[in-house]
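Each chain, written out:
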Amino acid sequence: MIKAFAVAVSGVLAGSAALAGPYVNVENNAGYSGGDYLGATTDVHVGFEGGDGVYSYYVQGGPAFVSPQGEDGEFELSGKLGGSVQATEQFGIYGELSFITAEEDPSVGSKIGVKYNF
């Protein structure tokens, strides 16, 4: 399923009629468990987005500052590739693949969902 999504987004990227220039996205994600702070990751990404009709996509990447609670922070490389299809006026499908490097193993994530507007 993830492979099919990546191929679909690649097709949109290759055949896109509209490319909305570059953007900067700064995002901080912090974690808590049972009221305890676990740490945070701050991404500083440069990206591109575009679309054509009912299809849209984005691709972004850059440094990520990872700062676990009680440990020294370090910089990694992270990125995201995502897109959406507006199937009907009220119903859309979206997805995202993300990654972040690490000393031992890179982490990869995925997100897929639907959105219904009333």
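Look up: the structure comes first, before these words.
Note that this is a predicted model, so its numbers are computed, not measured.

**Student:** Mind showing me how you'd approach the pattern of salt bridges here?
**Tutor:** Where charged atoms from two side chains of opposite charge come close, those side chains can pair. Taken as a whole and assessed by the stated rule, the structure comprises 1 salt bridge. Glutamate 27 serves as the salt-bridge partner of lysine 80, at 2.9 Å between the closest nitrogen and oxygen. Taken together, the residues lysine 80 in strand β4 (residues 74-86) and glutamate 27 in strand β1 (residues 18-33) connect sequence positions 53 residues apart. Here lysine 80 falls in the buried class, since its relative accessible area comes to 14%.

**Student:** Explanation requested: the packing of aromatic side chains in the structure shown.
**Tutor:** How two aromatic rings sit relative to each other is given by the distance of their centres and the angle of their planes. In the structure shown here, the tally under the stated rule is 3 aromatic pairs. Plain terms: the ring middles of tyrosine 116 and phenylalanine 118 are 5.2 Å apart, the flat faces sit at 80° to each other, and that makes the pair edge-to-face. With relative accessibility at 92%, the residue phenylalanine 118 sits in the exposed group.

About the cut-offs
Residues numbered from 1 in each chain as written. Predicted model: local features only at pLDDT ≥ 70, side-chain atom pairs only at ≥ 80, totals over all residues. Heavy atoms only, no water. Salt bridge = Lys/Arg side-chain N within 4 Å of Asp/Glu carboxyl O. Helix = DSSP H or I, 4+ residues; strand = E, 2+ residues; numbered from the N terminus. Buried < 20%, exposed > 50% of the residue type's maximum accessible area, 1.4 Å probe, protein only. Phe/Tyr/Trp six-rings, centres within 6.5 Å; stacked < 30°, edge-to-face > 60°.

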